[in-house]
Amino acid sequence: MNANQIVELIAALLILFASIMSVISAFGIIRMPDVYTRSHAATKSSTLAVLLALTGAFVYLIASTNYVSVRLLLGIIFVFLTAPVAGHLITRAAYRSGVPLSEQSGDDALYEQIFDEKGKKRIEQ
């Protein structure tokens, strides 16, 4: 086994781990009780799955063709920066629109920051 084959094997393992993380993400979306935990499952593990797949493709391209793909690097950076932010904003929008938490959820620490004593939304400044 030469060095290129070892690097290609590493790339294949990264892509395999990406597919496993994708399946875990799908199970998390199905099994979680409310929109907040589903969003967490979708955002965290799907982001990791995409990053692993893109990294595996990047490593494979370097090993097999000696080509450094700037598009793959930009894709990795873009997904790393935008996916968690988008998940957070979607969850925040769901909370502000009044989607209830699951019965199994613990303390709602954000309630006091957004709503007053009467349950009405505070005016944002």
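Residues numbered from 1 in each chain as written. Predicted model: local features only at pLDDT ≥ 70, side-chain atom pairs only at ≥ 80, totals over all residues. Heavy atoms only, no water.

**A word on the side chain of Thr43**
So, step 1. Turning to its location among the elements, Thr43 is positioned in helix α2 (residues 35-65).
So, step 2. Overall, the relative accessible area of 12% leaves Thr43 in the buried class.
So, step 3. Of note is the side chain of Thr43, whose polar atom sits 2.8 Å from the backbone oxygen of Ser39. (Helix = DSSP H or I, 4+ residues; strand = E, 2+ residues; numbered from the N terminus. Buried < 20%, exposed > 50% of the residue type's maximum accessible area, 1.4 Å probe, protein only. Polar contact = N/O pair within 3.5 Å; in protein donor to acceptor, adjacent residues only side chain to side chain.)

**Brief notes about the packing of α2 against helix α3 (residues 70-96)**
So, step 1. At a minimum axis separation of 10 Å, α2 and α3 run at an interaxial angle of 175°. Relative to α3, α2 is oriented roughly antiparallel. In this structure, α2 uses Val35, Tyr36, Ser39, Thr43, Thr47, Val50, Leu51, Leu54, Thr55, Ala57, Phe58 and Leu61 to contact α3, whose residues at the interface are Leu72, Leu73, Gly75, Ile76, Val79, Phe80, Ala83, Pro84, Gly87, Thr91, Ala94 and Tyr95. (Axes fitted to C-alpha atoms, helices over the stretch in contact; angles between N-to-C directions. Parallel < 35°, antiparallel > 145°, perpendicular 65-115°, else oblique. Contact = heavy atoms within 4.5 Å.)

**A few points about α2**
So, step 1. Relative to the 45 Å expected for 31 residues at 1.5 Å per residue, α2 spans 43 Å between its end C-alpha atoms, a close match to the ideal helical length.
So, step 2. Within α2 the residues assigned to the buried category are Tyr36, Ser39, Ala41, Thr43, Ser45, Thr47, Ala49, Leu51, Leu52, Gly56, Phe58 and Ala63.
So, step 3. Where α2 is buried, its residues touch α1 (3-31) and α3.
So, step 4. Once α2 ends, the next one or two residues include Asn66, with phi positive near 55°. (Expected span 1.5 Å × (residues − 1).)

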